[in-house]
Amino acid sequence: MAVSSSSVGKKKTNNAAKAKKPELDPTFIWEGVDKRGNKIRGEIIGKTLIHAKTELRKQGISLSKVKKKPKPLFQGGKKAINPMDIAIFTRQLATMMKAGVPLVQSFGIVADGLENPSMRELVMHIKSEVEGGSNLTSALKKHPRYFDDLFCSLIDSGEQSGSLETMLDRVAIYKEKSEALKSKIKKAVKYPIAVIIVAFIVTTILLLKVVPTFKELFEGFGAKLPAFTLMVMGLSEWMQKWWWVVILGIWGTLFSFREAIRRSPTFAHMVDKLILKLPVFGVIIYMATIARYARTLATTFAAGVPLVDALLAVAGATGNIVYRNAVDKIREDVSSGVQLQFSMKSSGLFPAMAVQMVAIGEESGALDAMLDKVATYYENEVDNAVDGLTSLMEPIIMSVLGVLIGGLIIAMYLPIFQLGSVV
């Protein structure tokens, strides 16, 4: 079987692209005089020194000094780009475009207002790509770590239809809502986890440092110690001898759990299914998944993406394998002619309210608007549930801390109390 030279060339190009990541253009420091004769200085990103000088002269700046910005001695201090940075960038770019500012100029204005140097550098690199003749979608696709397939496909749809500013606004709303939903979930999980970690650390310190001191004191009593005190002292002796086993056990369990989820789809499906059944937390995850499903589908469908293709993007955005498999099945049903509402209802995973809203949207031709209402409703429900959970967890956590820390303290002071009663 013959292989065409063009296909071989494509493979080589793909391999080269995978082997070498595109580097960001260097930053140059400059000093000069503006049109009014004022001395000014600043920074500019350019492909070469000549390119940077040309751009500055176009702005009417008479240069006295231009040099490449030295790299910091320690790169580890560089701030990472997080999803919220991408959401802020999208919102600011959408605002600039809706105000009638040209795309390239919008990049410069947005970059000047960004606090994260890494994000500013990324925006200026995208700007240089667009200035070089690439469209925005192509420039974004060169950074898949920050702009996923869904983001790029929506921007591409806006560029193809000539409504880039409208699409940027929709993408900005989608990113803002998605990040707000993630922050609510993190808020529900972080608080109890942080308290558990603090409780573990305090308990470990008491067992390793405080209890042995009391043990030496009790050895001089010559009296029989209470069973509770003996139990705590035994636990302290075990911790002093096998503390490394505890640390390795915790680390090994977490590592094995993560690898099992990554490597075994069956185990990951079982874990996600179990999470949905957890009391209180399961309800929050369930509502968040429904909100994410509705928000993503509403955004992609409103952008003009066909429903079958939109469902393909939605499947990866649900954040839960159980719902990802369900959306894949819904996509198969819809592609064979089944209405979305019937397929959602037959899965048994979607609430009646969401199914009814989708039915109304399909009948009225306003599916994207109905899905948007569903997403807004469940996002508000998640917010209320997280607030309720926080107020519920506080007394529970205080009780747990009181039992753990207070129990250890009582165990140590119980022999002293008994000795005082005898005297």
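Before reading on, note that the structure itself is shown above.
One structure accompanies this document, and this report is about it. Throughout, a residue's number is its position along its own chain's written sequence, starting from 1. Only residues with pLDDT of at least 70 are given local features in this predicted model, and only at 80 or more are side-chain atom pairs given and counted; all residues enter the totals for whole chains, interfaces and linings. Working from all heavy atoms in the structure, the side-chain values ignore hydrogens and water.

1. So, the environment of Gln-341
Under the DSSP-based scheme used, a helix requires at least four consecutive residues in state H or I and a strand at least two consecutive residues in state E, with every element numbered from the N terminus. Locating Gln-341 in the fold gives a position in helix α14 (residues 340–347). Judged by its relative accessible area of 11%, Gln-341 is buried. Residues Gln-341 and Gln-356 lie 15 residues apart in sequence; the distance between their C-alpha atoms is 7.5 Å. Any pair of residues with heavy atoms lying within 4.5 Å of one another is described as a contacting pair. Residue contacts for Gln-341: discarding those within four places in its chain leaves Val-355, Val-358, Ala-359, Glu-362 and Glu-363. Here a polar contact means two N or O atoms within 3.5 Å. Within protein one must be a hydrogen donor candidate and the other an acceptor candidate, and residues neighboring in sequence count only if both atoms are side-chain atoms. Separated by 3.3 Å, the side chains of Gln-341 and Gln-339 make a polar contact. Each residue is assigned to one of three classes by its accessible area relative to the maximum for its type, calculated with a 1.4 Å probe on protein chains only: buried under 20%, partly exposed between the two thresholds, exposed over 50%.

2. Side note on the side chain of Asp-169
Following the sequence through the fold, Asp-169 ends up in helix α8 (residues 164–219). Within the structure, the side chain of Asp-169 is placed 2.7 Å from the side chain of Arg-91, a separation counted as a polar contact. If near-sequence neighbours (up to four positions away) are discounted, Asp-169 is found in contact with Arg-91, Ala-94 and Lys-98.

3. Concerning the side chain of Thr-204
Relative to the helices and strands, Thr-204 is located in helix α8. Side-chain polar atoms of Thr-204 contact the backbone oxygen of Phe-200, separated by 2.7 Å.

4. A word on the environment of Lys-373
With respect to the helices, strands and loops of the structure, Lys-373 is situated in helix α16 (residues 367–422). For the pair Lys-373 and Arg-295, spaced 78 residues apart in sequence, the C-alpha to C-alpha distance is 8.8 Å.

5. Re a nonpolar patch on the surface
Here a patch means residues that are over 30% exposed by relative accessible area and free of salt bridges, tied together within 9 Å if like-charged and within 5 Å if nonpolar (Val, Leu, Ile, Met, Phe, Trp, Tyr). Throughout, the Shrake-Rupley method with a 1.4 Å probe supplies accessible areas, and for residues the shown protein chains are the sole cover considered. Only one rule defines a salt bridge in this text: a Lys or Arg side-chain nitrogen within 4 Å of an Asp or Glu carboxyl oxygen. Judged by side-chain polarity, Val-189, Ile-193, Ile-197, Phe-200, Ile-201, Ile-205, Ile-250 and Leu-254 come together as a nonpolar surface patch covering roughly 700 Å² of accessible area. Looking at the nonpolar patch, the elements with two or more residues in it are α8 and α9 (227–263). Top contributing element to the nonpolar patch by residue count: α8, with six residues. Along the chain, the position of Ile-193 falls in helix α8. On the accessibility criterion, Ile-193 (42% relative accessible area) is partly exposed.

6. A closer look at the pattern of salt bridges
Counted by the stated rule, this structure contains 10 salt bridges. The partner of Asp-372 in a salt bridge is Arg-295, with the nearest N and O atoms 2.5 Å apart. With a gap of 77 residues between them, Asp-372 in helix α16 and Arg-295 in helix α11 (residues 281–302) connect regions that are remote in the sequence. Here Asp-372 falls in the partly exposed class, since its relative accessible area comes to 31%. Each of the salt bridges in this network shares a partner with another, and the network as a whole consists of Arg-258, Glu-259, Arg-262 and Arg-263.

None of the figures reported here should be taken as evidence of function without further support.
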